[in-house]
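Spelled out from the first residue to the last, the chains are:
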Amino acid sequence: MPDSKERTNIIQDDVWRRLLAGHASDGERLVEDAGEPVRCLAPLATTPGWVIAQLGQSLDGRIATQSGHSHYINGRESLVHLHRLRALADAVVIGAGTADADDPQLTVRHVSGRHPTRVVLDPRGRVPMDRKLFQDAAAPTLHVVGPDTARAAATGSVECCVLPLDHHGRFVPSDVIALLQARQLLRILVEGGGITVSQFIEAGVVDRLHLLVAPLLIGSGRPGLQMTPIETLDSALRPALRTFRCGDDTLFDVVLRPAAFRG
């Protein structure tokens, strides 16, 4: 007989397969017994287009140590949740710093599902071409660069795209979203790092933020969200949110644009 944890995993995996197969028309009722992380995903599985940002951090809001070490702040359940987000997404977006430092694959390995299109935002073309994203053929990859950047020729599954830069030398988040939507990539996951996620939230293009908080105090290091300073708390965002247990971590499902999820 399976123990309680094994039974929960069996239920979650079964519901997850049904969500991916499109049998989620009854939304929350479908997943009421599936466990909290899967239940959190029901609104995403039943909505045709969205922009979700995701960050994993410590209790004191750090996503890495000062040296950049971040493997792993969050637990395995949070990693599985991230891979489920990827499996629901059409495209997963990261900045140049994350692509260079972490050398991620951005594929679905811990759950069932298809790999999303991988999108690297590289305004100055500084990400080395030997990174896994550019070398493997696991999924299509869009290398988004600025107009004055020397660009490598498209090879295999990698395509180079050009977008204009703002006066800070950065991409305008709404331009990135429009580029992806024009390619019918309608479910967009902005995975990192903290600067990229912060820019997309501040630009007002993110529908939901999935913030995974680990029971860990680092005390110093790289902060998660970093937005323009405000003078008073009257200017602070006060979004609606739900909380879920994700192993030892806490998942905050922060609703930044409620209209995107109305029936």
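Everything that follows concerns the structure shown earlier in this document.
What comes next is a walk through the structure.

Calculation rules
Residues numbered from 1 in each chain as written. Predicted model: local features only at pLDDT ≥ 70, side-chain atom pairs only at ≥ 80, totals over all residues. Heavy atoms only, no water. Helix = DSSP H or I, 4+ residues; strand = E, 2+ residues; numbered from the N terminus. Contact = heavy atoms within 4.5 Å. Areas by Shrake-Rupley, 256 points an atom, 1.4 Å probe, with all protein chains shown as cover. Salt bridge = Lys/Arg side-chain N within 4 Å of Asp/Glu carboxyl O. Buried < 20%, exposed > 50% of the residue type's maximum accessible area, 1.4 Å probe, protein only. 1 Å grid on protein atoms, 1.4 Å probe; cavity = no way out; pocket = protein on both sides within 12 Å on 5 of 7 lines; lining within 4 Å. Points joined across faces, edges and corners; volume = space filled by probe spheres on them. Nonpolar A, V, L, I, M, F, W, Y, C, P; charged D, E, K, R; others polar. Arc of directions from axis to C-beta. Pairing = 2+ DSSP bridges. Axes fitted to C-alpha atoms, helices over the stretch in contact; angles between N-to-C directions.

### Some points on the overall build of the protein chain
Here is step 1: The number of helices and strands found in the protein chain is seven helices and eleven strands.
Here is step 2: Sequence separation of at least 24 residues holds for 68% of the intrachain contacts in the protein chain that already meet a minimum separation of 6.
Here is step 3: On the protein chain, roughly 13100 Å² of surface is accessible, and the fraction owed to carbon and sulfur atoms is 51%.

### Side note on the pattern of salt bridges
Here is step 1: By the definition in use, this model includes ten salt bridges.
Here is step 2: One salt bridge connects D103 with K132, and the closest N-O pair in it is separated by 3.1 Å. Here D103 is found in the loop between α4 (96-102) and β4 (117-122), whereas its partner K132 is found in helix α5 (residues 132-135), with 29 residues between them in sequence.
Here is step 3: Put simply, D253 and R208 hold a salt bridge, and the shortest N to O gap is 2.9 Å. Of this pair, D253 sits in strand β11 (residues 249-255) while R208 is found in strand β8 (residues 208-213), placing the two residues 45 residues apart along the sequence.
Here is step 4: Judged by its relative accessible area of 0%, D253 is buried.

### Observations regarding the layout of surface pockets
Here is step 1: Empty space within the second largest pocket amounts to approximately 490 Å³.
Here is step 2: Taken together, 19 residues make up the lining of the second largest pocket; nearest its centre are I201, L225, M227, L237 and P239.
Here is step 3: Elements that contribute at least two residues to the lining of the second largest pocket include exactly α7 (194-202), β8 and β11.
Here is step 4: Across the lining of the second largest pocket, the residue classes tally to 15 nonpolar, three polar and one charged.

### Let's talk about helix α6 (residues 173-182)
Here is step 1: Within the sequence span of α6, burial applies to P173, V176, I177, L179 and L180. The arc enclosing the buried residues of α6, seen along the axis, measures out at 160°, which places them on a common side.
Here is step 2: Q184, located one to two residues past α6, shows a positive phi value of around 65°.

### Quick look at the environment of V176
Here is step 1: You can see V176 is positioned in helix α6.
Here is step 2: Separated by 13 residues in sequence, V176 and L163 have C-alpha atoms that sit 7.9 Å apart.

### Let's talk about α7
Here is step 1: Within the sequence span of α7, burial applies to G194, T196, V197, S198, F200 and I201.
Here is step 2: With its phi angle positive at about 80°, G204 sits one or two positions after the end of α7.

### Remarks on the pairing of strand β5 (residues 141-145)
Here is step 1: In terms of burial, β5 is largely enclosed, as five of its five residues are buried.
Here is step 2: Neither face of β5 is left uncovered, since the one carrying T141, H143 and V145 and the one carrying L142 and V144 both have all their residues buried.
Here is step 3: Strand direction decides the pairing type here: β4 and β5, joined by five bridges, are parallel. The residue bridging L121 from the neighbouring strand is V144, located in β5.
Here is step 4: With five bridges connecting them, β5 and strand β6 (residues 158-162) associate as parallel partners.

### Considerations on the sheet that holds strand β7 (residues 187-192)
Here is step 1: With mixed pairing, nine strands are arranged side by side in an open sheet as β6-β5-β4-β3-β7-β1-β8-β11-β10. Taken across any chain shown, the strands that pair with only one partner, and hence form the sheet edges, are β6 and β10 (240-246). Averaged over all adjacent pairs, the angle separating strand axes in this sheet is 20°, with direction ignored.
Here is step 2: In the sheet, strand β3 (residues 91-95) pairs with β4 via five bridges, with the strands oriented parallel. If you follow I94 over to β4, its bridge partner there is V120.
Here is step 3: Together, β1 (50-57), β3, β4, β7 and β8 form the strand contacts of α7, whose direction differs from that of β7 by roughly 135°.

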